[in-house]
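Examining the three-dimensional arrangement
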Amino acid sequence: MFNKNKVDARFDVQSAKSNGSQMMDVITDKTTGVQYLLGVYPGMGSGMTVLVDKDGKPLLNPEYS
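Calculation notes
- Residues numbered from 1 in each chain as written.
- Predicted model: local features only at pLDDT ≥ 70, side-chain atom pairs only at ≥ 80, totals over all residues.
- Heavy atoms only, no water.
- Helix = DSSP H or I, 4+ residues; strand = E, 2+ residues; numbered from the N terminus.
- Contact = heavy atoms within 4.5 Å.
- Pairing = 2+ DSSP bridges.
- Axes fitted to C-alpha atoms, helices over the stretch in contact; angles between N-to-C directions.
- Buried < 20%, exposed > 50% of the residue type's maximum accessible area, 1.4 Å probe, protein only.
- Polar contact = N/O pair within 3.5 Å; in protein donor to acceptor, adjacent residues only side chain to side chain.

With respect to the side chain of D29
- The topology assignment puts D29 in strand 2 (residues 22-29).
- Dropping the residues within four chain positions of it, D29 is found in contact with R10, F11, V34, Y36 and Y64.

With respect to the sheet that holds strand 1 (residues 11-19)
- Read from one edge of the open sheet, four strands run 1-2-3-4, paired in antiparallel fashion. A single partner strand is all that each edge strand has here, and the edge strands are strand 1 and strand 4 (45-50). With direction set aside, neighbouring strand axes in the sheet form an average angle of 20 degrees.
- Note: strand 2 against strand 3 (residues 35-41), six bridges, orientation antiparallel. Looking at the pairing, M23 lines up with V40 of strand 3.

Brief notes about the side chain of Q35
- Following the sequence through the fold, Q35 ends up in strand 3.
- Setting aside its immediate chain neighbours within four residues, Q35 contacts V26, I27, T28, V50, L51, L59, L60 and N61.

Quick word on the pairing of strand 2
- Looking at chain direction, strand 1 and strand 2 are connected through eight bridges and run antiparallel. Note on strand 2: the bridge partner recorded for V13 is I27.
- What sits between strand 1 and strand 2 in their antiparallel hairpin is a turn of two residues, with G20 showing a positive phi close to 65 degrees.
- As consecutive antiparallel partners, strand 2 and strand 3 are separated by five residues, and within that stretch G33 has a phi angle of approximately 85 degrees, a positive value.

Overview of the environment of D25
- Position of D25 relative to the elements: it lies in strand 2.
- Assessed through its relative accessible area of 16%, D25 is described here as buried.
- Spatially, the C-alpha atom of D25 lies 8.2 Å from that of Y36, the residues being eleven residues apart in sequence.
- Within polar-contact distance, the side chain of D25 engages the side chain of S15 at 3.3 Å.

Quick notes on the environment of K57
- Along the polypeptide, K57 turns up in the segment after strand 4.
- Separated by 23 residues in sequence, K57 and V34 place their C-alpha atoms 9.9 Å apart.
- Contacts of K57, omitting those with residues within four sequence positions, involve L51 and V52.

Printed below as a string of structure tokens:
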């Protein structure tokens, strides 16, 4: 149904932390360099937010920006 290659081409996903069933991933948009934090809590839900610097500007991964 979904073309995994297209997803992989745009986003880079790296595991930041795993504590039991809780998982944290840092997702980088390869086109813009913007980084996001994804938290997954099975049975409770999940959330995703953009990572920002001290001035509130999105964190950019220097590899992609």
